[in-house]
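Listed below are the residues making up each chain.
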Amino acid sequence: MGELSELFAPRRIAVVGATEREGSVGRAIMENLVADFDGDVVPVNPKYDEVFGVPAVADVGESDADLAVIVVPPHIAVDAVRESGKAGIRNVVVVTAGFGETGSEGASREQELTEVAEEYDLNLVGPNSLGLMSTPTGLNATFGPDNALPGNMSFMSQSGAFITAVLDWANDQGIGFKDVVSLGNKAVLDEADFVDAWGDDEDTGVIIGYLEGISEGREFIDTAREVTQDTPIVLVKSGRTDAGAQAASSHTGTIAGSDQAYEAGLDQAGVIRAESVQELFDAARVLESQPLPANDDVAVITNAGGPGVMSTDAVGDSRLSMASFTDETLDAFSEKLPAEGNIYNPVDIVGDADNERFRDALDLALGDENVGCAVVLTAPTAVLDYEQLAADTVELQEKYDKPVAACFMGGERVKPAAEALSDAGIPNYFDPARAVNGLDALSRFREISEREFDEPTTFDVDRERAREILSSVEGRDDTRLGVEAMDLLDAYGIQTPDGDIVDAPAAALEVAEDIEGDVVMKIVSPDILHKSDIGGVKVGVPNEEVYDAYEDLVTRARNYQPDANIIGVQVQEMVDLDNGVETIVGMNRDPQFGPLLMFGLGGIFVEVLEDTTFRVAPVSESEAHEMTEEIDSAPLLRGARGRDPVDVAGVTETIQRLSQLVTDFPAILELDINPLVATPDGVQAVDVRLTVDPDQL
């Protein structure tokens, strides 16, 4: 394990605030430690000579401990942490509440706590934490009612109450853990720290967690990417709705709620996201004990037709596929099964099947080279011995070393068989869909563990020119920029049509005469976001109509919004939309993950269709290319219905260049290139809109 190893394996624990007072946290933690901990426990409380028969000391400096658990009131908790640091104790758990979660006074106290931790280089959990557990040493430094059972899952949660509820359920289910930590307010150690530590821990087979937020999104992505090459991570992330979203002026800002950032970030990190506690443990239990499948083709062996169809539906809803058996396997099934059975997948061995028929069918299925994994699905009958079926399933799973999920349906009679399966690492589910979802998690992790990551490309750009353009918002009330910032894209090598912004009709004509063919003319105003809605765009304007078109555009804008800031009119080269596809590339800056890139179908329908995909920047070439493949309208880019394919490589490079731009300049809060027109001959950014925070320049 990494540098947090002593946190979970201390030899001596000081409980600062230990007491025998009924109903107190200090009493509960002492009772838990005295009951199970293999090491020494030192109560720290000047009011006691001993606590539960254990000699007490007056000061943490006298404890000679390597872990301090702080349970004193908040107004003296920081001092207790400071004294722990002075005593050379590097690992501290602050159970005490009354910090950042309580308001400004608590936030100030938490800031002081963080500063003390930094001064003494402390591994500090909390504050406002339930505590932590580690089953190899019987460590239960929490005030929860139960200790965890031994296992190889390590579990983190921002909610202490969630931990107590999960442990109560897990103990009933016989599910064990290696380490458990309540993150609390994450003043120092956060989820990335524990992912990093558990990734180096040979005794942790699966990392699971419940998170309400992620402190440093990019750091978490980079850390988890490394860990998930070997160790699966399954998380429940609550808060799918974005109730606190602020008004956004760009399309990307409107579409990109906070959950898109988490969805993209967790996927890039290689994390399997569960939608519920049930999904969390369904995935974790199979990941901790089953081998990874060689392919995604699943065989279903069942004595019940209806549940067999249910399992087929579940496979259709997953990334798995129903396996196609070889001719040799089909011939063998024909010999072994009754005529009324079904030799094709799902294999129905009929309701009167005994244990021998079940065993023969599963043996044949797992022996088929086309089968990557299997579901053993059975309803109880008088001729079937569930315990014998469990034993056969365990034996055959070990024989072929392929993942198997069991779905032994029933009540009390299932329990002995389910326990035998569980002991062998084969989870049993009542619902066929849950069995399939468990196998699906294995397939997903196989793909995650095989990923190869390339570094983002660094392009030669003009950062000083970009900074100059962004700085134009300084001193302004409105910090939005529109097409007047097209040079920003040019500075980062993003192709734009020829043209210019002018403030007089004669100048408009002069620009138009330098452009071959008709032109596009647009009103330029940071106060008018949707120009086409007010007739602020004219397409296909010949030179002889440019003068009047300029006057008309300005008049329309003035009539629409008399107080609008009219910068002028953009005169721009026509882009071939007939042979191109209008896409959008954008960014919205997420509070946790930073720049969230969006790519999708663009033009006027972007917010209607929302055919988009997201990544957290910076992105590599492969990630940018994946974005072009993920949208529903991807076939349009690759030449649908006889059309020529567009320059997908150009789109990919544009996404990468935008990624570099928004990574280089945290001052860019949101940005849209809409449309980015992709044609067979290249790509061009036709329009841009962004919002800038001048304080970040």
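In the annotation of an unreviewed UniProt entry, the entry for the protein chain reads acetate--CoA ligase (ADP-forming), and the organism field reads Halogeometricum borinquense. Among the UniProt annotations of the protein chain, the heading Catalytic activity (unreviewed entry) holds the following wording: "acetate + ATP + CoA = acetyl-CoA + ADP + phosphate".

(A) Local environment of the packing of aromatic side chains. Applying the stated criterion across every chain, the model contains 12 aromatic pairs. Look at Tyr262 and Phe593: their rings are 5.0 Å apart centre to centre, the planes differ by 90 degrees, and that puts the pair in the edge-to-face class. Here the residue Tyr262 occupies a position in helix H9 (residues 258-269), and Phe593 occupies one in the loop between strand S27 (581-590) and strand S28 (594-601), the gap between them amounting to 331 residues. The pair formed by Tyr262 and Phe593 is uniform in burial state, with each residue classed as buried. Three or more aromatic residues joined by ring pairs form one cluster here, namely Phe155, Phe162, Trp169, Phe177, Tyr210 and Phe281. In this structure, Arg109 packs its charged tip against the face of Phe99, placed 5.9 Å from the ring centre. The ring of Tyr386 carries Arg413 above its face, with NZ or CZ at 5.1 Å from the centroid.

(B) Geometry of unusual backbone geometry. Cis geometry is found at the peptide bond from Gly126 to Pro127, where omega equals 0 degrees. Position of Pro127 relative to the elements: it lies in the loop between strand S7 (123-125) and strand S8 (131-134). In this chain, Asn674 is followed by Pro675 through a cis amide linkage whose omega measures 5 degrees. The topology assignment puts Pro675 in strand S30 (residues 668-679). At Lys186, a residue that is not glycine, the phi angle is positive and equals roughly 55 degrees. The topology assignment puts Lys186 in the loop between strand S13 (179-182) and helix H6 (191-199). Assessed through its relative accessible area of 13%, Lys186 is described here as buried.

(C) Seen up close, the pattern of salt bridges. In this structure the tally under the stated criterion is 37 salt bridges. Among the salt bridges present, the one from Glu112 reaches Arg82, with a minimum N-O distance of 3.4 Å. Residue Glu112 is found in helix H4 (residues 104-119), and its partner Arg82 is found in helix H3 (residues 74-86); the two are separated by 30 residues along the sequence. Three or more residues joined by partner-sharing salt bridges are found here, namely Arg11, Asp64 and Asp66.

(D) Structural detail: the sheet that holds strand S15 (residues 233-237). Here 7 strands make up an open sheet; going across it, the order is S9-S8-S13-S11-S14-S15-S16 and the pairing mixed. With one partner strand each, in any of the chains shown, strand S9 (139-142) and strand S16 (272-274) form the two edges of the open sheet. Between one strand and the next, the sheet's axes are offset by a mean angle of 15 degrees, whatever the strand orientation. Across 5 bridges, the pairing between strand S11 (residues 153-157) and strand S14 (residues 206-211) is parallel. Each bridged residue has a counterpart across the sheet, and for Ser157 the counterpart in S14 is Tyr210. Along the sheet, H6 contacts S11, S13, S14 and S15; its crossing angle with S11, the most-contacted strand, is approximately 175 degrees.

(E) Quick look at the packing of helix H13 (residues 355-367) against helix H14 (residues 386-400). Close contact between H13 and H14 brings their axes to 10 Å; oriented N to C, the two are set at 20 degrees. As far as their axial angle goes, H14 and H13 are roughly parallel. H13 and H14 meet at a crossing whose hand is right-handed. Residues Asn355, Phe358, Arg359, Leu362, Asp363, Leu366 and Gly367 of H13 form the contact with H14, whose participating residues are Gln388, Leu389, Asp392, Thr393, Glu395, Leu396, Gln397, Lys399 and Tyr400. Here the residues of the contact of H13 with H14 are counted per class, giving 6 nonpolar, 5 polar and 5 charged.

(F) Broad picture of a nonpolar patch on the surface. A cluster of nonpolar side chains, Ile604, Phe605, Val608 and Leu609, forms an exposed patch at the surface whose accessible area comes to about 450 Å². As for its position among the elements, Ile604 is in the loop between S28 and helix H21 (606-609). Ile604 sits in the exposed class, given a relative accessible area of 65%.

Calculation criteria
Residues numbered from 1 in each chain as written. Predicted model: local features only at pLDDT ≥ 70, side-chain atom pairs only at ≥ 80, totals over all residues. Heavy atoms only, no water. UniProt positions renumbered as here; feature names shortened; annotations may be inferred. Phe/Tyr/Trp six-rings, centres within 6.5 Å; stacked < 30°, edge-to-face > 60°. Helix = DSSP H or I, 4+ residues; strand = E, 2+ residues; numbered from the N terminus. Buried < 20%, exposed > 50% of the residue type's maximum accessible area, 1.4 Å probe, protein only. Lys NZ or Arg CZ within 6 Å of the ring centre and 35° of its normal. Salt bridge = Lys/Arg side-chain N within 4 Å of Asp/Glu carboxyl O. Pairing = 2+ DSSP bridges. Axes fitted to C-alpha atoms, helices over the stretch in contact; angles between N-to-C directions. Contact = heavy atoms within 4.5 Å. Parallel < 35°, antiparallel > 145°, perpendicular 65-115°, else oblique. Left-handed = near helix turned anticlockwise from the far one by under 90°. Nonpolar A, V, L, I, M, F, W, Y, C, P; charged D, E, K, R; others polar. Patch = residues over 30% accessible without salt bridge, like charges linked within 9 Å, V, L, I, M, F, W, Y side chains within 5 Å. Areas by Shrake-Rupley, 256 points an atom, 1.4 Å probe, with all protein chains shown as cover.

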